Amino acid sequence: MTAASPPRDLIVFGATSFVGQILVRRLVERFGVHGKLEWAAAARSATKLEELRRSLGPNAAQLPLLIADVADEGSLRKLCAQARVVVSTVGPYALYGEPLLKVCAGTGTDYCDLTGEVQWIRRMIQRYEVAARNSGARIVHSCGFDSIPSDLGVHFLQREAIRRFGQPCPNVKMRVKALRGGASGGTVASVINVVKEVAADPKLRRELADPYSICPEGYAPKVRQPSVGSAGYDADFEAWVAPFIMSAINTRIVQRSNALSGQAYGADFRYDEATLTGRGLKGRMTAMGIAAGLAGFMVAGAIGPARRALERFVLPVPGSGPSPEAQRKGFYDLRFLGRIADGRSIMAKVTGDRDPGYGSTAKILAEAAACLAQDIAKRDKPGGFWTPATLFGDRLIERLEAHAGLTFDVIDG
Ligand SMILES: NC(=O)c1ccc[n+]([C@@H]2O[C@H](COP(=O)([O-])OP(=O)(O)OC[C@H]3O[C@@H](n4cnc5c(N)ncnc54)[C@H](OP(=O)(O)O)[C@@H]3O)[C@@H](O)[C@H]2O)c1
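Residues numbered from 1 in each chain as written. Predicted model: local features only at pLDDT ≥ 70, side-chain atom pairs only at ≥ 80, totals over all residues. Heavy atoms only, no water.

Undergrad: Teacher, can you tell me more about the overall build of the chain here?
TA: Helix and strand content of the chain: 16 helices and 14 strands. Relative to a compact globule of 413 residues, whose C-alpha radius of gyration would be 22 Å, the chain shows 21 Å and is just as compact. The principal-axis extent of the C-alpha atoms belonging to the chain is close to 60 × 50 × 40 Å. Once local pairs closer than 6 in sequence are excluded, the contacts in the chain between residues at least 24 apart make up 78%. (Helix = DSSP H or I, 4+ residues; strand = E, 2+ residues; numbered from the N terminus. Rg over C-alpha atoms; globule rule 2.2 N^0.38 Å. Contact = heavy atoms within 4.5 Å.)

Undergrad: Looking at this model, I keep getting lost on the packing of aromatic side chains. Mind explaining?
TA: The description of an aromatic ring pair uses the distance of the two centres, along with the angle that the planes make with each other. Counted according to the given criterion, the structure contains eight aromatic pairs. Between Phe 269 and Tyr 271 the ring centres are 6.1 Å apart and the planes differ by 15°, which places this aromatic pair in the stacked class. Here Phe 269 falls in the buried class, since its relative accessible area comes to 2%. (Phe/Tyr/Trp six-rings, centres within 6.5 Å; stacked < 30°, edge-to-face > 60°. Buried < 20%, exposed > 50% of the residue type's maximum accessible area, 1.4 Å probe, protein only.)

Undergrad: Help me understand helix 6 (residues 118–135) in this model?
TA: For an α-helix the count is 3.6 residues per turn, leaving residues at separations of three or four pointing the same way. When the terminal C-alpha atoms of helix 6 are compared, their 24 Å separation across 18 residues agrees well with the 26 Å that a helix rising 1.5 Å per residue should span. Helix geometry: helix 6 is bent most strongly at Tyr 128, by close to 60°. (Expected span 1.5 Å × (residues − 1). Bend = angle between axes of the 7 residues up to and from the residue.)

Undergrad: What am I meant to see in the side chain of Asn 258 here?
TA: Looking at where Asn 258 falls in the secondary structure, it is placed in helix 10 (residues 247–260). By relative accessible area, Asn 258 is classed as buried at 1%. At a separation of 3.0 Å, a polar atom in the side chain of Asn 258 contacts the main-chain carbonyl oxygen of Gly 266. Beyond its immediate sequence surroundings of up to four residues, Asn 258 is in contact with Tyr 219, Gln 263, Ala 264, Tyr 265, Gly 266 and Phe 269. (Polar contact = N/O pair within 3.5 Å; in protein donor to acceptor, adjacent residues only side chain to side chain.)

Undergrad: I tried to follow the sheet that holds strand 7 (residues 171–180) on my own but got confused; where do I start?
TA: The strands that make up a sheet pair up through hydrogen bonds in the backbone, lying either parallel or antiparallel. Across the sheet, seven strands lie side by side as 8-9-10-7-11-12-14; this open sheet has mixed pairing. Taken across any chain shown, the strands that pair with only one partner, and hence form the sheet edges, are strand 8 (232–234) and strand 14 (407–410). When the angles between neighbouring strand axes are averaged without regard to direction, this sheet yields 35°. Where strand 12 (residues 345–352) lies against strand 14, four bridges are found, and the strand directions are antiparallel. When the bridges of strand 14 are listed, Ala 348 appears paired with Val 410. (Pairing = 2+ DSSP bridges. Axes fitted to C-alpha atoms, helices over the stretch in contact; angles between N-to-C directions.)

Undergrad: When you look at the site of the ligand in this model, what are you seeing that I'm missing?
TA: By nearness alone, 29 residues border the ligand, and Thr 16, Val 19, Asp 146, Ser 184 and Ser 190 come closest of all. A distance of 3.1 Å separates an oxygen atom of the ligand from a polar backbone atom of Ser 17. Between a nitrogen atom of the ligand and a main-chain N or O atom of Val 70, the distance comes to 3.1 Å. Isolated, the ligand exposes 940 Å² of accessible area, and the fraction of that covered by the protein chains is 92%. Looking at the shell around the ligand, the elements with two or more residues in it are helix 1 (18–31), helix 4 (93–96), helix 8 (185–200) and helix 14 (356–374). The residue inventory of the shell around the ligand, partitioned by class, reads 13 nonpolar, twelve polar and four charged. (Near = heavy atom within 4 Å. Areas by Shrake-Rupley, 256 points an atom, 1.4 Å probe, with all protein chains shown as cover. Nonpolar A, V, L, I, M, F, W, Y, C, P; charged D, E, K, R; others polar.)

Undergrad: Would you explain helix 11 (residues 280–302) in this entry?
TA: In a regular helix each residue adds 1.5 Å, so 23 residues correspond to 33 Å; helix 11 covers 34 Å between its end C-alpha atoms and thus fits that length. For helix 11, the complete set of buried residues consists of Gly 283, Ala 287, Ala 291, Leu 294, Ala 300 and Gly 301.

Undergrad: What's the story with the environment of Gly 384 in this structure? I'm lost.
TA: With respect to the helices, strands and loops of the structure, Gly 384 is situated in strand 13 (residues 384–386). Sequence separation between Gly 384 and Ile 139 is 245 residues; the distance between their C-alpha atoms is 6.1 Å. Ignoring sequence-local partners within four residues, the contact set of Gly 384 consists of Glu 129, Ala 132, Arg 133, Ala 137, Arg 138 and Ile 139.

Undergrad: Which parts of the structure should I look at to understand the pattern of salt bridges?
TA: All chains considered together, the criterion is met by 29 salt bridges. Residues joined in a network through salt bridges with shared partners are Arg 30, Glu 367, Asp 375, Arg 395, Glu 398 and Arg 399. (Salt bridge = Lys/Arg side-chain N within 4 Å of Asp/Glu carboxyl O.)

Undergrad: Any chance you could explain the sheet that holds strand 3 (residues 65–67) here in plain terms?
TA: Spatial ordering of the open sheet is given by 3-2-1-4-5-6-13, a layout of seven strands whose pairing is parallel. Bordering the open sheet on either side are strand 3 and strand 13, each of which pairs with just one other strand. Each strand of the sheet is rotated relative to its neighbour by a mean of 20°, with strand direction disregarded. When strand 4 (residues 83–88) meets strand 5 (residues 110–113), the two strands line up parallel, connected through four bridges.

Undergrad: Would you mind showing me how to read a nonpolar patch on the surface here?
TA: Taken together, the side chains of Leu 281, Met 285 and Met 288 define a hydrophobic patch exposed on the protein surface, amounting to about 330 Å² of accessible area. Inspection of the secondary structure assignment puts Met 285 in helix 11. Using a relative accessible area of 49% as the deciding quantity, one classes Met 285 as partly exposed. (Patch = residues over 30% accessible without salt bridge, like charges linked within 9 Å, V, L, I, M, F, W, Y side chains within 5 Å.)

Purely geometric stuff here, so don't read any function into it on its own.
Quick look at the structure:
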C-alpha cells in the first residue's frame, strides 16, 4: 500500500438494504473480517448497522461500520477516501444513486452496483464518463443476476464459438429454461419507478426501446435486433416462449459489451432473451399468461391509482423480499444458442444454485466487487464505464464457478 492509497479494499454502501444484508453475510462467510479482503459496511443508520453486525455473530464483531447518507456529499467523500472500491445497494438508483456515483467518478474510486435501470445508466454515462476516465474510476453497473449471467454467458459462448468455428456467432439467443425466485420491495420500487418515469416522459420510451441506448455516442449498427415482446413459438428450442422481464436490461448490457470490445461478437451481432414455457397447448397458454401478466403490470404501474393499489396491497414493500428458505430453494438454468452463417450452432448452459435476485445475486456481487478490488489492475483496465464482460471477463467466470455456485458449460457436441 502506498502512502496515498485508501486503507480498505471495499466498502458496502447500503449494507442495511434487503440485498445489502445478504451481501454482507456472504462477505463475512467468504472473506471474514480483517482477512484477505479488507472491507467495511456502510449505511445511513447507525442503529440499523449495529443491529445487522450483532445478527452476524461473533465472527463479525470487529466489522468496521461507517455512516453515510446520499443527501450528504461530505459523508460520501469520506467513504470514497477510505476504500478503493465502493459497492452500492442503495436503490432505486434513479432516485438515490447519482450522488455517490458522481463522487466516485470525481475521486477515482472504483464502483459497482446492482442497477437494472437503463435510463439511469444512460444518464450517468453522459454525465460522468469524462470524469471517470480522467480520475481512473472504473464504473461497472448491473453486477447481479441482471446482468452478469447474460453478459458473461454470451462472452463464454462466443469464446467457445471462436474455438470451434474460428469466428463468433452473429446470432445468439438466451432462453430461460428454468428459474425459481421472488422479488424484493427494492426491486419492485425500481421497476415501478422506471414505469413512472416513462409515463411522464414519452422521449424516454423511445430511448428504452433503442437496443443500443447505453452504447457509446454515435454507435448505431444497421442491424435490426430481435425482441420477444409477446407469446410465440421458437422453432430452435421446439417450445413456446414468453417475454423475459430482465431482457430490457440484459440485452442493453450485452450490446454495450460488444460495442466496447470493438465488436468482438461481430458488426452484425443479434441478441435476444425470452422464457421457455414448454410444448403444446400448455406451453402456449403459459406463454400467453406470462405475456398478459407482464403487460397488465406495466399498464397498472403507469396509472397512478392502480400503481398505488399495487404498492399497498400486492407487492413487497422496500426492505422485504424472499425468505432465507426461498433463497436457498431457488435456482436458474439459462441456455444460450449461437448460430453462424452456414447454419452450424453451439449451445451453452449457465446455472446458479440460489434464487436469482438475492441468494445468487449476493454471491455474484461479492465476487464481482472482490474481482474489481483484487484482480483488475488500473494499468490494464483504465477509468470509464465498463460492463461485467469487458471489465472482468474470464477472471470473473473462474471466481463465480469456484465460489458463487454458477456453472458455465458447452452442452452440445
Ligand atoms: N441486479 C439485480 O439482480 C438486483 C437484485 C436485487 C436487487 N437489485 C436492486 O438493488 C437495489 C436494492 O434492493 P433492495 O431490495 O435491497 O432495496 P431496499 O431493501 O428497499 O433498500 C434500499 C436501501 O437504500 C437505503 N437508502 C435510502 N435512502 C438513503 C439515503 N438517503 N442514504 C443512504 N441510504 C439510503 C435504505 O437505507 P435504510 O436501510 O436505512 O432504510 C435501504 O438500505 C434496488 O435498486 C434493486 O432493484 C438488483
